[in-house]
Amino acid sequence: MWCYKKLQGFVWSVLVLDKIKSIFNRRLVQALSLVGSNSYLQGFMQKTIYKGNTKGVCVPFLNCYSCPGARFSCPIGSLQAVLGKRNNYFSFYVIGFLVLMGILFGRFICGFLCPFGFVQDMIAKISKKKYKALKLFKYIKYINLVLLVILLPLFFTNSVGVGTPYFCKYVCPVGTLEGGIFLVAVNSALRNTIGFLYYYKVTMLIAILVSSVFIYRPFCKVLCPLGALYALFNRISLVNIKFEMYACVSCGKCEKTCQMDVVPFIDANNMECIRCGKCIKACPTKALSFNTNKKRKEKRDEQIIKIPE
Amino acid sequence: MNYKVFIVLVSISLIVIGVLSREVNVVLQKATRICLECIGVG
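Model, not experiment: these values are computed from the prediction.

K.L.:
Explain the overall build of chain B to me, please; I cannot follow it from the model alone.
P.N.:
Secondary structure assignment for chain B yields 3 helices and 0 strands. The order of α-helices and β-strands along chain B, N terminus first, is α-α-α. On the principal axes, the C-alpha backbone points of chain B span a range of 50 × 20 × 10 Å.

Laid out in structure tokens, this is it:
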């Protein structure tokens with residue numbers, strides 16, 4: 001128990017979420033994540049990709065390693081690459097990394113760090129009117145994770161025993177957005193080889209980006225296998241949302257604010273919650289908070305007392 | 001021991017095993033070449 005408290009304290013001290021909220025906002029953190037993970041500008045100028053040793057290290061979010069600016073690897077692409085390798089049946093490195101990120105942060109990574117989440121957030125600003133995604137569709141991302149990321153690359157191999165990265169090839173719009181469009185536009189050899197698959201993926205990308213105007217983060221809600229994996233850890237991750245029932249006045253503001261269709265006062269750490277913190281901001285009595293910081297609790301208790309009847 | 005600490009320790013052990021078994025090289029090999037499937041070409 002002591003060890004757990006120390007670990008949790010360490011994670012919070014690294015994140016300093018209250019300070020992130022006041023000094024940097026979420027948009028800035030997302031923008032820094034996007035720029036930081038794709039900072040190899042020579043890649044864009046030389047029309048190639050980064051080939052340094054840091055490419056052996058995964059980032060905790062979807063970021064295609066075929067983006068000319070990418071300095072690190074995509075964990076989902078890496079997982080498929082390792083599982084698809086001949087005579088490989090398990091990826092200790094990538095699965096260990098994903099479990100570690102899941103237990104530490106859960107879907108906080110989706111809300112604060114994912115570049116494609118950031119792109120969808122920006123597009124979502126076009127229209128305020130948003131539709132809910134059908135609940136049944138939310139299970140597709142789990143099918144993507146099990147089938148396209150794990151089982152098919154593992155067992156559906158070619159004649160020499162090498163698997164294809166099925167999710168990257170048939171679903172993932174990130175590679176098309178970050179690498180495909182640019183590389184095909186500037187490289188005539190690649191341009192000459194494009195066919196149905198390329199047009200299909202560009203169409204898929206456009207469909208996701210357009211639907212982001214009407215549905216908040218459709219890719220994260222419906223298709224993302226990484227979000228599905230982190231969702232499994234969302235209830236037990238060290239970074240989580242605390243709900244103090246005694247402070248709740250059942251105003252429903254948190255539910256109205258949540259764009260991931262979560263009801264925070266019923267299930268604050270729902271598998272769909274991306275820890276964007278909007279419900280925390282909206283709560284008038286501070287019944288929701290990122291941590292159980294004593295100072296924050298005292299501040300909340302003072303505010304509760306000040307609320308007129 | 002708290003089960004969360006146990007999961008953290010297991011995940012770190014998996015990473016260490018992965019690094020020692022040179023899985024990083026597989027990731028590096030894949031990531032340093034343009035992945036045609038990923039960009040929608042092949």
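Next, the rest of the story.
K.L.:
Would you mind showing me how to read the overall build of chain A here?
P.N.:
Each helix and strand in chain A was counted, giving 18 helices and 2 strands. Relative to its full complement of 309 residues, chain A shows a buried share of 47%. Contacts in chain A between residues at least 24 apart in sequence constitute 69% of all its contacts with a sequence separation of at least 6.

K.L.:
Looking at this model, I keep getting lost on the domain arrangement of chain A. Mind explaining?
P.N.:
When the parts come together, some accessible area is lost, and that loss is often what is quoted as the size of the interface. All names here are of chain A. When cut into domains, chain A gives domain 1 (7-233) and domain 2 (242-306). The interface of domain 1 with domain 2 comprises 16 residues on the first partner and 12 residues on the second. Mapped onto the side of domain 1 that touches domain 2, the elements with two or more residues apiece are helix H2 (17-22), helix H7 (108-112) and helix H14 (218-223). Per-element tally for the side of domain 1 that touches domain 2: the top contributor is H7, with 3 residues.

K.L.:
Would you mind going over the nonpolar core with me for this structure?
P.N.:
Within soluble globular proteins, side chains that are nonpolar tend to cluster in buried spots. Residues and elements named next belong to chain A. Counting 98 residues, the largest nonpolar core has Leu-62 and Ile-109 as its most contacted members. A per-element tally of this core places helix H6 (residues 92-105) first, with 11 residues. Built from parts of two domains, this core gets at least three residues from each of domain 1 (7-233) and domain 2 (242-306). Apart from residues no more than four positions distant in its own chain, Ile-109 is found in contact with Pro-60, Phe-61, Met-101, Cys-114 and Tyr-230.

K.L.:
What is the right way to look at the interface of chain B and chain A in this model?
P.N.:
At the junction of the two partners, chain B supplies 29 residues and chain A supplies 46 residues. Residue assignment for the side of chain B that touches chain A shows that the elements contributing at least two residues are helix H1 (3-20), helix H2 (23-31) and helix H3 (36-39) of chain B. Considering only residue class, the side of chain B that touches chain A consists of 18 nonpolar, 7 polar and 4 charged.

K.L.:
Please explain helix H3 (residues 26-37) of chain A as it appears in this structure.
P.N.:
Because each turn of an α-helix spans 3.6 residues, side chains separated by three or four positions in sequence point in the same direction. All names here are of chain A. With 12 residues, H3 extends 16 Å from end C-alpha to end C-alpha; this agrees with the ideal 16 Å at 1.5 Å per step. Every buried residue of H3 is accounted for by Gln-30, Ser-33, Leu-34 and Ser-37. End-on view of H3: buried residues confined to an arc of 95 degrees, all on one side of the axis. Projecting away from the buried face of H3 at angles above 90 degrees are the exposed residues Leu-28 and Val-35. Each element contacted by the buried residues of H3 is listed here: H7 and helix H8 (115-124).

K.L.:
I would appreciate a short explanation of H6 of chain A in the present structure.
P.N.:
Residue and element names in this part refer to chain A. Compared with the 20 Å implied by 1.5 Å per residue over 14 residues, the 20 Å span of H6 between its first and last C-alpha is a close match. Among the 14 residues of H6, 13 are classified as buried, and the element is accordingly described as predominantly covered. Directly beyond the C-terminal end of H6, a positive phi value near 60 degrees is found at Gly-106.

K.L.:
For this particular structure, what's the right way to read the confidence of the model for chain A?
P.N.:
For any part of a model where pLDDT is low, the fine detail of the predicted coordinates should not be relied upon. Mean pLDDT over chain A stands at 88; residues scoring 70 or higher make up 86%. Per-residue pLDDT, averaged within each element of chain A, yields its smallest value for H2 of chain A (52) and its largest for helix H15 (residues 225-233) of chain A (97).

K.L.:
Help me understand unusual backbone geometry in this model?
P.N.:
Glycine aside, a negative phi is what most residues show, and trans is what most peptide bonds show. Residues and elements named next belong to chain A. Residues other than glycine seldom take positive phi values, yet Lys-47 does so here, at roughly 55 degrees. Of note, Lys-47 is situated in the loop between helix H4 (41-46) and helix H5 (75-83). For Ser-250, which is not glycine, the phi dihedral falls at a positive 55 degrees. In this fold, Ser-250 is placed in the loop between strand S1 (242-243) and helix H16 (253-257). Looking at Ser-250, the number of C-beta atoms within 10 Å reads 9, which means it is exposed.

K.L.:
Hey, could you run me through the environment of Gly-36 of chain A in this one?
P.N.:
Considering the arrangement of structural elements, one finds Gly-36 of chain A in helix H3. A sequence separation of 22 residues divides Gly-36 of chain A from Cys-58 of chain A, and the C-alpha atoms of the two residues are 13 Å apart.

K.L.:
Before we go on, may I ask you to explain the packing of H5 of chain A against H2 of chain B in this structure?
P.N.:
For any two helices packed against each other, one specifies the crossing angle of their axes together with the interaxial distance. Between H5 of chain A and H2 of chain B, the shortest axis-to-axis distance is 9 Å and the interhelical angle comes to 115 degrees. As summarised for this structure, H5 of chain A and H2 of chain B are arranged roughly perpendicular, according to the angle between their axes. Along this stretch, H5 of chain A crosses H2 of chain B, giving a crossing that reads as right-handed. In this structure, H5 of chain A contributes Ser-78, Ala-81 and Val-82 of chain A to the contact, and H2 of chain B contributes Glu-23, Val-26, Val-27 and Lys-30 of chain B.

K.L.:
What am I meant to see in the packing of H5 of chain A against H6 of chain A here?
P.N.:
All names here are of chain A. Packing of H5 against H6 leaves a shortest axis separation of 9 Å and a crossing angle of 150 degrees. One way to sum up the angle between H5 and H6 is to call them roughly antiparallel. Relative to H6, H5 is oriented so that their crossing is left-handed. Contacts from Pro-75, Ser-78, Leu-79 and Val-82 in H5 reach Val-94, Phe-97 and Leu-98 in H6. When grouped by side-chain class, the residues that make up the contact of H5 with H6 number 6 nonpolar, 1 polar and no charged.

K.L.:
Sorry if this is basic, but what is going on with the environment of Glu-37 of chain B here?
P.N.:
Checked against the element boundaries, Glu-37 of chain B lands in helix H3. Between the alpha carbons of Glu-37 of chain B and Tyr-3 of chain B there is a distance of 39 Å; along the sequence they are 34 residues apart. Filtering out sequence-adjacent residues up to four positions away, Glu-37 of chain B remains in contact with Thr-164, Pro-165, Cys-168 and Lys-169 of chain A together with Gly-42 of chain B.

Rules behind the numbers
- Residues numbered from 1 in each chain as written.
- Chains lettered and ligands numbered in written order.
- Predicted model: local features only at pLDDT ≥ 70, side-chain atom pairs only at ≥ 80, totals over all residues.
- Helix = DSSP H or I, 4+ residues; strand = E, 2+ residues; numbered from the N terminus.
- Buried ≥ 20, exposed ≤ 12 C-beta atoms within 10 Å, placed from the backbone.
- Contact = placed C-beta atoms within 7 Å.
- Domains from an automatic or database assignment.
- Core = buried A, V, L, I, M, F, W, Y, C linked by C-beta atoms within 7 Å.
- Nonpolar A, V, L, I, M, F, W, Y, C, P; charged D, E, K, R; others polar.
- Expected span 1.5 Å × (residues − 1).
- Arc of directions from axis to C-beta.
- pLDDT = per-residue confidence, 0-100.
- Axes fitted to C-alpha atoms, helices over the stretch in contact; angles between N-to-C directions.
- Parallel < 35°, antiparallel > 145°, perpendicular 65-115°, else oblique.
- Left-handed = near helix turned anticlockwise from the far one by under 90°.

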